[in-house]
Amino acid sequence: MFDLDRWNEIWYALAKNKVRSLLTAFGVFWGIFMLIVMAGASNGLKNGIVEGVAKFATNSCFMWSQQTSEPYKGFKRGRQWNMDSDDLAYVLANVPEVEYISPKNFGSRMNGGPNTIHGLKTGAYNVKGDYPEYIKIDPSTILQGRWINDMDIRDKRKVCVIGEKVCEQMFDAKENPLGDYLKISGVYYQVVGVIRPETRININGRAEESIFLPFTTMQQTYNMGNMVHFLAVTSKKGVPVSVVEEKVKNIIKLRHSIAPTDVQALSSVNIEKEFQQMNGLFIAIGILTWIVGIGTLMAGVIGVSNIMLVIVKERTKEIGVQRALGASPRTIITQIMLESVALTTIAGYTGLSLGVALLELVNKVIENQPKTGNEVFFQHPEVNITVAVAALIILVLAGLFAGSIPAKRALMIKPIEALREE
Amino acid sequence: MISIQNLHKSYVTGNNSLHVLKGLNLEIAEGEFVSIMGSSGSGKSTLLNILGVLDDYDKGDYYLSGKKIWGLNETQAAITRNAMIGFIFQSFNLISFKNAMENVALPLYYQKVNRKKRNLIAMEYLDRLGLKDWAHHLPSEMSGGQKQRVAIARALISNPKIILADEPTGALDSQTSLEVMEILKEVNDQGITVIIVTHEHDIASLTRKIIRLKDGIIGEVITNGDLQSYRDRIKQE
């Protein structure tokens, strides 16, 4: 196997027709290159999206009220209704699978014109009323101060937590926002915290441009009564969200005299399901990558096989002589196979290296871009070691496969016929 | 050394069957120097292929050195060829990218002798054939006579019992042909059986026994004593 003569022969066979060998090798090179680049790109897409949502609680669902679509218990269809604060306690008491329940109300919106004043500065932001639990569902980094706590809720304190952008825009860099006051829709609130969102999931506007009030404060200050606009619920460990979603919705519908079959009145989003769909999408992209990549590789390998057939044909006489001199069929097969594997492996390895190099380059370029908070959904395009090893194994197998038909052909050469051929 | 009884061989191509050897009997003792002659189609190439374990036969018996050659698979055939038979071809059939020494060493390569050792032995054989200085030349840099001498060295290196030469002088001028025949004679003098297939009468007449094939059987065997009269006869022809 490691005899110099053998490699000499391989080199001779490939170098005899350099252009042809190069073109053949290019087929394999391109196949593996494509495979690596596509696998890397799909990983980049996946990383980009997953990084944006990874910290979001996957065991959560959200629901909000809409007009009813069915008449029920004497009510007409098309009735406007709202969830209320009593629902919260009721759900907690009657659905043991619920981990957290966090209501959310929406105040004035940023597109409604400037609603926030601090000294001489004014700004337009989304105002939301939240529960302490919400930060466990949609995590944020607390840059300064704290998040809304239970006492804020109980005492309906006039405090607020502001997004990073709000802080930048409403306060000078030298100013400490904590303890200072913001006038929001006509009412003063003391700033108790500054946050930076960790996910890119935004409910009613981006979190960094939002102001968060204690839920109860918001209800009271802006005359919302005990109305609840929006409800976030998470399930306990081991319980599928869909179970909780179904139970909570049924209870709420029952309490508000809504037909159990009415799907419009209480709309909901199940994050678990969304994640599963997204995962399905990634798996599909992955499968597609491999199908296309392996298809391209196959085309290259068939090219190698083809050229090996030509080489065998060209060397018919030589093979005949070798056999007359006592080369065993095994020697001949090994020779052809090694040639094929050498060609595919060298070409493939080059493709692998260049593919990885390209991904590294793209990664560097992306990493060097300044963070704008508006990042593209494309991060860390890379292939892991498993893919690289798999690709190498595929290459060697492909080489063996490509060599098998020509080797068989070489074996069928009868020394007599080869020698007779002039 | 070689014993053949009632040998039959046909080539089948599609519906046509060509009966080439039709019950051939042949005995060649160890150390003989034999030429096989015959017009084209007489079956001499076929016989050579069977003698060289390059082809199988349909019916009959072929004993090589007391061992029946029948039903060998390719690997066994390769081993037999490697150990028993040295081939010399009309067109030399040296491997073009190997130098003279590597070409000579080739049969030992197939015996898995290591490179250093086999090249050393190859040099010895090249020296014996007066080609030591050409050891590192490629076949394309040598004359026909030199190439055939390399081929003879290659045939000898595995210490065969038999040398089978298929038209060994066919591609050489008459002077070189005589030189090659001289070498083959020396080889024969060392006790190796030499069998030459040729259609040249004067080459055949340099051997000690001429076997003329005719229509797939032995037409005539001319042995040593008759060679002079054979020479006279072919002059008249």
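Since the structure is predicted, the reported quantities are computational estimates derived from the model, not experimental observations.

J.: Hey, could you go over the overall build of chain B for me, with residue numbers and the actual values?
T.: Along its length, chain B carries eight helices and 10 strands. Here chain B, with 237 residues, has 45% of them falling under the buried criterion. Taking as baseline every contact in chain B between residues at least 6 positions apart, the subset at least 24 positions apart corresponds to 70%.

J.: For the overall build of chain A, give the residues involved together with the corresponding values.
T.: Looking only at helices and strands, one finds 13 helices and 14 strands in chain A. Taken over 422 residues, chain A has a buried fraction of 39%. Taking contacts inside chain A between residues at least 6 apart in sequence as the whole, the part at least 24 apart equals 81%.

J.: Explain the sheet that holds strand 4 (residues 59–64) of chain B residue by residue, including any values.
T.: All names here are of chain B. Taking strand neighbours across the sheet as the criterion, the four strands line up as 2-1-4-5 in an open arrangement whose pairing is antiparallel. Lying at the two open borders of the sheet, with one neighbouring strand each, are strand 2 (16–28) and strand 5 (67–68). Here strand 4 pairs with strand 5 via two bridges, running antiparallel. The residue bridging leucine 64 from the neighbouring strand is lysine 67, located in strand 5. Contacts from helix 1 (residues 44–51) reach strand 1 (2–13), strand 2 and strand 4, with the element oriented near 65° to strand 2.

J.: Mind laying out the interface of chain A and chain B, listing which residues take part and the relevant values?
T.: Tallying the contact residues gives 20 residues for chain A and 21 residues for chain B. Every element with two or more residues in the side of chain A that touches chain B is listed here: helix 1 (4–15), helix 10 (316–324), helix 11 (329–368) and helix 13 (415–420) of chain A. In terms of residue count, the dominant contributor to the side of chain A that touches chain B is helix 10 of chain A (five residues). For the side of chain A that touches chain B, a count of residues per class yields 10 nonpolar, three polar and seven charged.

J.: Now, about the pairing of strand 1 of chain B: what can you tell me, with residues and values included?
T.: All names here are of chain B. Here strand 1 pairs with strand 2 via 10 bridges, running antiparallel. The partner of tyrosine 11 across the bridge, within strand 2, is leucine 18. Joining the antiparallel neighbours strand 1 and strand 2 is a turn of two residues, in which glycine 14 adopts a positive phi near 60°. Across five bridges, the pairing between strand 1 and strand 4 is antiparallel. Of the residues in strand 4, the one forming a bridge with glutamine 5 is aspartate 61.

J.: Run through the sheet that holds strand 10 (residues 217–223) of chain B, naming residues and quoting values.
T.: Residue and element names in this part refer to chain B. Read from one edge of the open sheet, six strands run 6-7-8-3-9-10, paired in mixed fashion. For this open sheet the edge positions go to strand 6 (85–88) and strand 10, each flanked by a neighbour on one side alone. Pairwise comparison of adjacent strand axes, ignoring direction, gives a mean angle of 20° for this sheet. Examined bridge by bridge, strand 9 (residues 209–214) and strand 10 share six bridges and lie antiparallel to one another. Across the sheet, residue lysine 214 finds its bridge partner in strand 10, namely isoleucine 217. Running over the sheet, helix 5 (residues 144–156) touches strand 6 and strand 7 (162–166) and is turned about 170° from strand 6.

J.: How would you sum up the nonpolar core? Please name residues and give values.
T.: Counting 115 residues, the largest nonpolar core has Ile32 of chain A together with Val104 and Ile195 of chain B as its most contacted members. Considering every element that reaches this core, the biggest residue donor is helix 2 (residues 18–53) of chain A, with 11 residues. Leaving out residues up to four positions away in the same chain, isoleucine 32 of chain A has contacts with Leu297, Gly348, Gly351, Leu352, Gly355, Ala391 and Leu395 of chain A.

J.: So what's going on with the environment of lysine 128 of chain A? Residues and values would help.
T.: Residues and elements named next belong to chain A. Residue position: lysine 128 is located in strand 6 (residues 126–130). A tally of 25 C-beta atoms within 10 Å means that lysine 128 is categorised as buried. Between the C-alpha atoms of lysine 128 and isoleucine 203, which are 75 residues apart in sequence, the distance is 9.7 Å.

J.: Tell me about helix 12 (residues 385–412) of chain A, and name the residues and values.
T.: Residue and element names in this part refer to chain A. With 28 residues, helix 12 should reach 40 Å at 1.5 Å per residue; the first-to-last C-alpha distance of 41 Å fits that figure. Serine 404 marks the point of greatest bend in helix 12, at about 30°, and the proline proline 406 comes within the next four residues. For helix 12, the full list of buried residues reads Val387, Ala391, Ile394, Leu395, Ala398, Gly399, Ala402, Gly403, Pro406, Ala407 and Ala410. Close packing links the buried residues of helix 12 with helix 2, helix 9 (271–314), helix 10 and helix 11.

J.: Account for the packing of helix 1 of chain A against helix 11 of chain A, naming residues and giving values.
T.: Residues and elements named next belong to chain A. Where helix 1 contacts helix 11, the two axes come as close as 10 Å, and the packing angle between them is 60°. Remark: the crossing between helix 1 and helix 11 carries right-handed chirality. Of helix 11, the residues touching helix 1 (which contributes Arg6, Glu9, Ile10, Ala13 and Leu14) are Gln335, Leu338, Glu339, Ala342 and Leu343. In terms of residue class, the contact of helix 1 with helix 11 is made up of six nonpolar, one polar and three charged.

J.: Break down the environment of threonine 207 of chain B for me, with residues and values.
T.: Residues and elements named next belong to chain B. Mapped onto the elements of the fold, threonine 207 is located in the loop between helix 7 (201–204) and strand 9. By C-beta crowding, threonine 207 is classed as buried, having 25 other C-beta atoms within 10 Å. Measuring from C-alpha to C-alpha, the distance between threonine 207 and valine 194 comes to 9.0 Å, with 13 residues separating the pair along the chain. In contact with threonine 207, not counting residues within four places along its chain, are Phe33, Val34, Ser35 and Ile196.

J.: Quick one: what's the story with unusual backbone geometry, residue by residue and with numbers?
T.: Residues and elements named next belong to chain B. Positive phi, normally seen in glycine, also occurs at serine 65, with a value near 55°. Position of serine 65 among the secondary structure elements: in the loop between strand 4 and strand 5. Under the C-beta neighbour-count criterion, serine 65 is labelled partly exposed, with 15 such atoms within 10 Å. Phi is positive for aspartate 215, close to 50°, though the residue is something other than glycine. Here aspartate 215 is to be found in the loop between strand 9 and strand 10. When the 14 C-beta atoms within 10 Å are taken as the criterion, aspartate 215 is described as partly exposed.

About the criteria used
- Residues numbered from 1 in each chain as written.
- Chains lettered and ligands numbered in written order.
- Predicted model: local features only at pLDDT ≥ 70, side-chain atom pairs only at ≥ 80, totals over all residues.
- Helix = DSSP H or I, 4+ residues; strand = E, 2+ residues; numbered from the N terminus.
- Buried ≥ 20, exposed ≤ 12 C-beta atoms within 10 Å, placed from the backbone.
- Contact = placed C-beta atoms within 7 Å.
- Pairing = 2+ DSSP bridges.
- Axes fitted to C-alpha atoms, helices over the stretch in contact; angles between N-to-C directions.
- Nonpolar A, V, L, I, M, F, W, Y, C, P; charged D, E, K, R; others polar.
- Core = buried A, V, L, I, M, F, W, Y, C linked by C-beta atoms within 7 Å.
- Expected span 1.5 Å × (residues − 1).
- Bend = angle between axes of the 7 residues up to and from the residue.
- Left-handed = near helix turned anticlockwise from the far one by under 90°.

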